[in-house]
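One letter stands for each residue in the lines below.
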There are 4 protein chains.
Amino acid sequence: MRLVKLNRVINSIADAGLVLWRQKSTEEAEAEERTPVELCNELLSTQGEASGTAIARKIATAYAAMRVEEQSEFFHNLRHEFHLDPEEVVQAAENYKASRDDKDLRALVSAAEPRRQELIRRLNMAPNGTAFLVGMRRDLLGHLEENSELEAVDDDFVHILSSWFNRGFLTLERIDWNTPASVLEKLIEYETVHAMRGWDDLRRRLSDDRRCFAFFHSALPGEPLIFVEVALVQGLSAQIDPIIADDREHLNPDEADTAIFYSINACHKGLSGISFGDFLIKQVVVELKQELPQLEAFSTLSPVPRFIRWTEAMARGSDEQVLKEAAVEALELLSDPHWPDDENVRQRLEPLIMQLAAHYFFNAKRGVYPYDPVARFHLRNGARLERINWLGDLSDKGVDQSAGLMVNYLYDPKDIETNHERYIKNHHIAAAANVTALAEQGA
Amino acid sequence: MRLVKLNRVINSIADAGLVLWRQKSTEEAEAEERTPVELCNELLSTQGEASGTAIARKIATAYAAMRVEEQSEFFHNLRHEFHLDPEEVVQAAENYKASRDDKDLRALVSAAEPRRQELIRRLNMAPNGTAFLVGMRRDLLGHLEENSELEAVDDDFVHILSSWFNRGFLTLERIDWNTPASVLEKLIEYETVHAMRGWDDLRRRLSDDRRCFAFFHSALPGEPLIFVEVALVQGLSAQIDPIIADDREHLNPDEADTAIFYSINACHKGLSGISFGDFLIKQVVVELKQELPQLEAFSTLSPVPRFIRWTEAMARGSDEQVLKEAAVEALELLSDPHWPDDENVRQRLEPLIMQLAAHYFFNAKRGVYPYDPVARFHLRNGARLERINWLGDLSDKGVDQSAGLMVNYLYDPKDIETNHERYIKNHHIAAAANVTALAEQGA
Amino acid sequence: MRLVKLNRVINSIADAGLVLWRQKSTEEAEAEERTPVELCNELLSTQGEASGTAIARKIATAYAAMRVEEQSEFFHNLRHEFHLDPEEVVQAAENYKASRDDKDLRALVSAAEPRRQELIRRLNMAPNGTAFLVGMRRDLLGHLEENSELEAVDDDFVHILSSWFNRGFLTLERIDWNTPASVLEKLIEYETVHAMRGWDDLRRRLSDDRRCFAFFHSALPGEPLIFVEVALVQGLSAQIDPIIADDREHLNPDEADTAIFYSINACHKGLSGISFGDFLIKQVVVELKQELPQLEAFSTLSPVPRFIRWTEAMARGSDEQVLKEAAVEALELLSDPHWPDDENVRQRLEPLIMQLAAHYFFNAKRGVYPYDPVARFHLRNGARLERINWLGDLSDKGVDQSAGLMVNYLYDPKDIETNHERYIKNHHIAAAANVTALAEQGA
Amino acid sequence: MRLVKLNRVINSIADAGLVLWRQKSTEEAEAEERTPVELCNELLSTQGEASGTAIARKIATAYAAMRVEEQSEFFHNLRHEFHLDPEEVVQAAENYKASRDDKDLRALVSAAEPRRQELIRRLNMAPNGTAFLVGMRRDLLGHLEENSELEAVDDDFVHILSSWFNRGFLTLERIDWNTPASVLEKLIEYETVHAMRGWDDLRRRLSDDRRCFAFFHSALPGEPLIFVEVALVQGLSAQIDPIIADDREHLNPDEADTAIFYSINACHKGLSGISFGDFLIKQVVVELKQELPQLEAFSTLSPVPRFIRWTEAMARGSDEQVLKEAAVEALELLSDPHWPDDENVRQRLEPLIMQLAAHYFFNAKRGVYPYDPVARFHLRNGARLERINWLGDLSDKGVDQSAGLMVNYLYDPKDIETNHERYIKNHHIAAAANVTALAEQGA
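Described in the following lines is the structure provided in the data block.

Reading the values: the criteria
Residues numbered from 1 in each chain as written. Chains lettered and ligands numbered in written order. Predicted model: local features only at pLDDT ≥ 70, side-chain atom pairs only at ≥ 80, totals over all residues. Heavy atoms only, no water. Helix = DSSP H or I, 4+ residues; strand = E, 2+ residues; numbered from the N terminus. Buried < 20%, exposed > 50% of the residue type's maximum accessible area, 1.4 Å probe, protein only. Contact = heavy atoms within 4.5 Å. Areas by Shrake-Rupley, 256 points an atom, 1.4 Å probe, with all protein chains shown as cover. Lys, Arg positive; Asp, Glu negative; His and termini not counted. Charge placed at Lys NZ, Arg CZ, Asp CG, Glu CD. Least-squares fit on C-alpha atoms with pLDDT ≥ 70 in both. Phe/Tyr/Trp six-rings, centres within 6.5 Å; stacked < 30°, edge-to-face > 60°. Buried area = accessible area lost by both parts, 1.4 Å probe. Salt bridge = Lys/Arg side-chain N within 4 Å of Asp/Glu carboxyl O. Polar contact = N/O pair within 3.5 Å; in protein donor to acceptor, adjacent residues only side chain to side chain. Nonpolar A, V, L, I, M, F, W, Y, C, P; charged D, E, K, R; others polar. Axes fitted to C-alpha atoms, helices over the stretch in contact; angles between N-to-C directions. Parallel < 35°, antiparallel > 145°, perpendicular 65-115°, else oblique. Right-handed = clockwise from strand over helix to strand, strands pointing away. Core = buried A, V, L, I, M, F, W, Y, C linked by side-chain atoms within 4.5 Å. Pairing = 2+ DSSP bridges.

### Details of the overall build of chain A
Tallying secondary structure elements over chain A gives 21 helices and ten strands in all. Its C-alpha atoms give chain A principal-axis dimensions of roughly 85 × 55 × 45 Å. Here chain A holds 443 residues, and the buried ones make up 58% of them. Considering only contacts in chain A between residues 6 or more positions apart, those separated by 24 or more positions represent 71%. In the structure as shown, chain A presents an accessible area of about 18600 Å², 48% of it carried by carbon and sulfur atoms. Positive and negative side-chain charges in chain A, numbering 49 and 73 respectively, have mean positions lying 4 Å apart.

Following this line, the structure appears as structure tokens:
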């Protein structure tokens, strides 16, 4: 069974539609001058069904050539020209309410779906259509910041991409040094948590006491969607440097008892909000347990990316005087860039920071959930806040954002579901005894 | 890059959720007793997002065990319990009409989408979820015949499956004798146009003067969705027997000038109505032209499956007396099973049948389009009715349904688009001069 | 990394050498008329090194067109024209004996190697060269029966093929229903121990309570060299029918405790005498143990293919009167084709046959090793004669050759090496206590 | 058909032989103490056939632990203990001369083959046996420089490796950016003609206007044996820098009319003398012509690595006064490292160097063939000396070895065979008219 190279074929079909398969008349040449909106309307017509590939390719080509302002105009057209008509929806709903008739139901459902949804689905027929659409959404997110009315367009992208990138369609693949270079270079590009320092660093992160897994989708071949880097170690890692240093120690993987998830990266801005991270970690836990049955613990080693920002806010004006004073003093001490070298400062800072961190994790909220985005992600997944590590990451970024703290979120298979349920229902933050004690001590 | 066996992993995750990862308490054991509808509601809850795989699997397992009546009940529940509320839609539409606010828009779009749509999407998380859903739709179609109100449920299946089986997600693969047996046996199973007579017949149909292409979808690995069988020949074939006979002649593929598409089979009842056939033929034309540039013509050799049925209707009572008489006489002659052996009968029958056929193709309609389903498919695709072949298929089925006729629909790349447009706009039937002449002669 | 289709390229190179890459002069056209022997000499010349592919292909083409007598002539030419010169060897050996010089050593080694060895190696450059040579050896074996002087040619084939099909170059592959049909059809063709009854039988032998493994060599892609069929069962199987019957019972493979090797087939006559069977079984034992750790026993279920022949010889004239009488009576009873249906006959036959069999295994010899070829193979491998099964195979072949007996040779990993060593050193036949007892009882 | 991971299995078999499959007795423990020579003898014994994998692995392990002096001793043992006995050969040859008997022939052939040949073949059974043997030969070549008597051992390695790495067993694979990184890093390691400057350089050399092909052997998976780098360009390249510079221009491959082979690298010292380079270039020509039919010329861009060495010899004392003076003056001018920057010097040097080069290519010999090793290789292959390029390579190495010259050897398919034959028969140097003219002008 040989896979026909699809893009070649799709391009041929599109070419054929345009060039080989008919002689261009004058009218047709004029037709070529159609605007993107006209092309979109044509794609949505009944005729568009058959010649969809050719029209979709034309739109993709036109889009690729647009300047930013033209993109903006295009998205506004999607917003207004390919929208739904609320009056029509009201009428259709009234009709259906009265008749309870299937035909009226169909009319209602159809009227209440913005036309751009079907447009997006048909654009997928263009060569590399899915990549084209994911890129278009990335652009759209850029425009969104200034044009909140485009959110309605984004809602439809999210709706369709969520359906297409449904977990059931993702494949988990292990990435190692035998992976094609064309895929590996993307890890270098997409790794932002602990940036890669070139191919030698990458190679170390793929050596035999490391694991790397990614989700792929068949419509984006060779494109990781999200990947996780795992270190096989002994005991729970408290610091990032022993994991990613150039001269780190190597461990025989059979001697490891713990898997540390030390970096998770979503790769495509155009897919942001389409969640697959939770599923990834759990699948990787199962996969690792199969390969290395002796593994006893599965945990992250994560940054606390909003900690300094929050501490600054506390210093500016917390209601709690103790908290405010601690924040002020901590920031004062941290303001000296050489603080990690000064034993005295470190000794003074440690209890301050640890207390602030305990408060941060249990009391700082966005709505009813933790303020910290990494905590939100892992706690929602069913992990437990296992340990807060003082001096876990002394890189510039680690100090600037997290005051050097790193956190272990532990995935204990037997508690995942309970933790998740209590988090969703009661916003309960699962934590190890030592962390809870720290929080109580601070209270 | 190694592909982790996903179903194994998904099963492990599901198992883990149920068995390994927690100790079952009494409450949980009771929870196991939940009805399918309760499970569906749970899957749609916020919590269901995280433990979706486990719940989806439970529903799949429960569904697999249902008797036909239980299935029927389940589908009715989908119809009524996971429907939309028209009053809510009216209200939401009114709100949005007044406010033109994005939040109200979102509420409207959400209210107007039957809840079962999201349910279907989440069920895809089950192991082999897509196969499970395609099978469920197959069952649903069975129930539909007696329960037309289930059409609303089917509409949602069609809506979602159309999006998932979007052309942009299909891959064209060539099938030959090096294809795994597990795929090949499906061709034997799914071939219904000219049924296969076992593995030897299959092997002949995959020899080097034959081609076979199929569409696949990554979520149904090893499952052809639709496949086409092609014979490489010299000149336009008029009869099926020289193509599929056990002792047919073999042709050096380099000497072929014509590709005959002699059998197209959709494989999954659960995907009926999700069209990919048109795209398939055009892609295969491009593919064949690449491999064998000397090919000059691409044509089907197709049955006329409703011809006898229509002729019988004409005989029972056509308005046109000439037509009625011709039909009566033709059926009379055909009623002798040995007619093909009688030279005299054949000579009398030929002009009768050919005239009836010309009438059939140009005047017999379902709505504004041809009554013949095969003609509808190929003419809509842009093919031309090239030739009607007397004594094209003398198999029992060929005689019983098509009076032995076979038809060539010719795909001429340079005319495809024009033909398609004229068919859609004016219901024009593209035909070769000789066929048109035949029709006019009969008029 | 894409594999370039080598045969296409090799053919292109060969074509190029002949057709494209030069203009043929008259002299060259004459050269085309060269005899196979002339071509072989040319291939062995220094020039042949560079244009080897073209010349080798010419020889292959010429060989393919030879009638049997021409083949015979060709092999005789290999025997005499591409031989070594004993006088030259004597001289070279004398020279080296005197000088002990490396140059003289090289001359000696070269002189003592028949020229056809290098010829065979260079013929491998032809497209599909290895398959061509394996086929040539198959033909040679046919001629050998009447021309024993060709054995010298065969020795060189064996020498080179043994080196090329060295165990280190073989790959073990599991064959199942996902294997390409082009490979599977070869199993049907090559299975001679328990012949396959078509594709349905094959499919049953590849179901999930069966295993099949084969050795492959990269130069014969898609060609199994030897394969073994394994049944996963509970307890040691005594009969073949429950294993291969159309309506046999299916076992969940996780419940199996025993792997029965019930058929081993070497596939290519042209590779006979190049042994890989011993290695195969041991590798498969390791492989099965990895996949199914619960397996406790690995055993064959084997025929006794020379038993009747030997019994007949005993009946004709054994020195031992008891043995002779038992043989005569047994053959007498077996001569009624309905004996298996007659309870009385079976009761009388069983002790007779079992005693004869015990004698056969322990006392019938070819040289110092067992007369039975299957016993020689497995005992040499380190297996133990575990059990002799009365009424193990009541097929025609089973009755005609083995009097219905089947034997279990047990591969017990912990004893394999010791058994092998004692077999080689002392010709000891490892056997289970019950078999030994049977033999002693008969003594 | 799934490939069982062979090394895992082989290791398991070896492990099994040693650990699992028997209980070690005291004697056996002592046996473990056997010397490498004893183990080699054991491997050659009849018993070794069956337990070969385990013994071969022991020898490989022992060898890996040897210090250089121990290696030397081991190779001397191979030379003397696993040699042939000339007296025995004489006797065997005499016997055969007298008897012309097949049995005596067999004895002769066997006696005249050093025992280490069979030893080498059996060592291939070790896990990764072929890689082990290729590495052993690399070591042997190191010892050879000081111990010429080891050449006899090397002869046997060459004999066997030539047979195993027979062209018919090699596969040509295209290497590009989709190749696994584990293979690509070897290109960086093995490229010595124009060394790679890291992964970015490699990526440029694999971009779409470049091609790279390598030979692989199934027993050395992922290990290129020899690879060629090709630039697709317009017209015959005269300089290396425009091909490998970081900021080189990119060409649409469809616009190229010429393929320049600018670097050929053999990868394994242990395979030196086993030639596959000639075959590689011709296969790649065929492959490129298939992919890009518009290519009109296939040529190398090669260094002249012995040119300065030869010029120095000429300056020291050529018989021809004119030549000597030219050499002296050229070296004088070249001695200023800034000569390429001085227009006047360049103008004076160019005619001197070009004349010397013409003399060098046509008159400097090693035996009857050219002194220049690159010229020997390509002329023997049938290429033509097409052009000598002044200022072709101004890198340090290019200036130091080749005085900056680069040469095009043109592979014209229609002349390859004739050129090769004339080279072999008459030592004729095929050259383009301009080069011949240059040589005559200098005469």
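### Brief notes about the relation of the copies chain A and chain D
Superposing chain A onto chain D requires a rotation of 180° together with a translation of 0.0 Å along the rotation axis, leaving an RMSD of 0.1 Å. Both copies of the chain, as the preceding transformation shows, are related through a two-fold rotation axis. For chain A, the residue whose C-alpha comes nearest the rotation axis is Pro180(A), separated from it by 1.9 Å. Of all interface residues in chain A, 100% are interface residues in chain D too; the two copies therefore contact each other through one and the same surface.

### Some points on the environment of Thr192(B)
All names here are of chain B. Within the secondary structure, Thr192 sits in the loop between helix H11 (181-190) and helix H12 (199-205). Remark: the alpha-carbon pair of Thr192 and Ile264, spanning 72 residues in sequence, is separated by 8.9 Å. Those residues within four positions of Thr192 in sequence are excluded, and the remaining contacts are Asn265 and Lys397.

### Side note on the packing of aromatic side chains
Residue and element names in this part refer to chain C. Considering all chains together, one arrives at 62 aromatic pairs over all chains under this definition. Ring centres of Trp339 and Trp390 lie 5.9 Å apart, and the angle between their planes is 25°; on these two criteria the pair is classed as stacked. Taken together, the residues Trp339 in the loop between helix H16 (321-334) and helix H17 (343-363) and Trp390 in the loop between strand S9 (384-389) and helix H19 (396-402) connect sequence positions 51 residues apart. A relative accessible area of 1% places Trp339 in the buried class.

### Quick look at the relation of the copies chain C and chain D
Once chain C has been moved 0.0 Å along the axis and rotated by 180°, it coincides with chain D to within an RMSD of 0.1 Å. The overlap is high: 100% of the interface residues of chain C also sit at the interface in chain D, so the same surface is used on both sides.

### Considerations on the interface of chain C and chain D
Quite often, the size of an interface is put as the accessible area lost when its parts meet. With 89 residues of chain C in contact, the opposing surface of chain D contributes 91 residues. Here chain C packs against chain D, burying approximately 8200 Å² in sum over the two surfaces, 57% of which is carbon and sulfur. Here Glu151(C) and Arg106(D) are joined by a salt bridge, their closest N and O atoms 3.3 Å apart. Counting the contacts that link chain C with chain D gives 16 residue pairs in polar contact (both at pLDDT 80 or more). It is helix H20 (residues 413-426) of chain C that provides the largest number of residues to the side of chain C that touches chain D, a total of nine residues. Of the residues assigned to the side of chain C that touches chain D, the class counts are 37 nonpolar, 22 polar and 30 charged.

### As for the arrangement of the chains
One finds no contact between chain A and chain C; the C-alpha atoms of the two approach each other to within 9 Å at their closest. Separated without contact, chain B and chain D have their nearest C-alpha atoms at a distance of 9 Å.

### Some thoughts on helix H8 (residues 115-123) of chain A
Of all nine residues in H8(A), seven are buried; the element is thus mostly enclosed. If you check which residues of H8(A) are buried, you get Arg116(A), Gln117(A), Leu119(A), Ile120(A), Arg121(A), Arg122(A) and Leu123(A).

### Comments concerning the packing of helix H15 (residues 307-317) of chain D against helix H17 (residues 343-363) of chain D
All names here are of chain D. Running from amino to carboxyl end, H15 crosses H17 at an angle of 95°, the nearest separation of the two axes being 11 Å. Judged on the interaxial angle alone, H17 and H15 are roughly perpendicular. Contact with H15, carried on its side by Phe307, Trp310 and Thr311, involves Ile353, Leu356, Ala357, His359 and Tyr360 of H17 and no other residues of that element. Here the contact of H15 with H17 is built from residues that sort into six nonpolar, two polar and no charged.

### Some remarks on the pattern of salt bridges
Using the criterion set out here, one finds 124 salt bridges over all chains in the structure. Members of the salt-bridge network, linked through shared partners, are Glu191(A), Arg197(A), Asp201(A), Arg204(A), Arg205(A), Glu229(A) and Asp246(A).

### Side note on helix H18 (residues 373-381) of chain C
For H18(C), every residue scored as buried is listed here: Val374(C), Ala375(C), Arg376(C), His378(C), Leu379(C) and Asn381(C). The first or second residue beyond H18(C) is Gly382(C), which carries a positive phi of 105°.

### Focus on the environment of Phe132(B)
All names here are of chain B. Locating Phe132 in the fold gives a position in helix H9 (residues 129-144). Judged by relative accessible area, which is 13%, Phe132 ranks as buried. Excluding anything up to four places from it in sequence, Phe132 contacts Ala60, Tyr63 and Leu123.

### Quick look at the side chain of Gln71(D)
By the secondary structure assignment, Gln71(D) is in helix H5 (residues 68-81). When near neighbours in sequence (up to four residues on either side) are disregarded, Gln71(D) contacts Tyr63(D), Met66(D), Asp139(D) and His143(D).

### Quick word on the environment of Ser51(A)
All names here are of chain A. With respect to the helices, strands and loops of the structure, Ser51 is situated in helix H4 (residues 48-64). With a relative accessible area of 16%, Ser51 lands in the buried category. Along the primary structure Ser51 and Glu70 are separated by 19 residues, whereas in three dimensions their C-alpha atoms are 26 Å apart.

### Description of the pairing of strand S6 (residues 297-300) of chain C
The alternating pattern of S6(C) places Ala297(C) and Ser299(C) and Phe298(C) and Thr300(C) on opposite faces, both of which are buried. The parallel pair strand S5 (residues 258-266) of chain C and S6(C), bridged by helix H14 (residues 277-291) of chain C, forms a crossover whose chirality is right-handed.

### Description of the packing of helix H18 (residues 373-381) of chain D against helix H20 (residues 413-426) of chain D
Residues and elements named next belong to chain D. In contact at an axis separation of 7 Å, H18 and H20 are set at 120° when each is read in the N-to-C sense. By the angle class used here, H18 and H20 are oblique. Taken together, the residues of H20 that come into contact with H18 (itself represented by Arg376, Leu379, Arg380 and Asn381) are Ile416, His420, Tyr423 and Ile424.

### Things to note about unusual backbone geometry
Phi is positive for Asn128(A), which is not a glycine, with a value near 55°. Along the chain, Asn128(A) falls in the loop between H8 and helix H9 (129-144). Positive phi, normally seen in glycine, also occurs at Leu391(C), with a value near 60°.

### So, the nonpolar core
Side chains of a nonpolar character, in soluble globular proteins, are inclined to be buried together. Core analysis: the largest hydrophobic core is formed by 218 residues, its most contacted members being Phe165(C), Phe307(C), Phe361(C), Phe165(D), Phe307(D) and Phe361(D). Non-local contacts of Phe165(C), meaning those with residues more than four positions away in its chain, are made with Thr130(C), Val134(C), Leu170(C), His217(C), Leu220(C), Leu225(C), Leu271(C), Ile274(C) and Phe276(C). Ranked by size, the runner-up nonpolar core spans 216 residues in total, among them Phe165(B), Ala327(B), Leu331(B) and Ala403(B).

### Here we look at the pairing of strand S5 (residues 258-266) of chain A
Residue and element names in this part refer to chain A. The buried fraction of S5 amounts to seven of the nine residues, a majority that puts the element mostly inside the structure. Bridge count for strand S4 (residues 226-233) against S5 is eight bridges, and the pairing is antiparallel. Opposite Ala231, over in S5, you have Ile260 as the bridge partner. Where S5 lies against strand S6 (residues 297-300), four bridges are found, and the strand directions are parallel. Across the sheet, the residue bridging to Thr258 is Ala297, located in S6.

Function-wise, these values are silent; they only describe arrangement.
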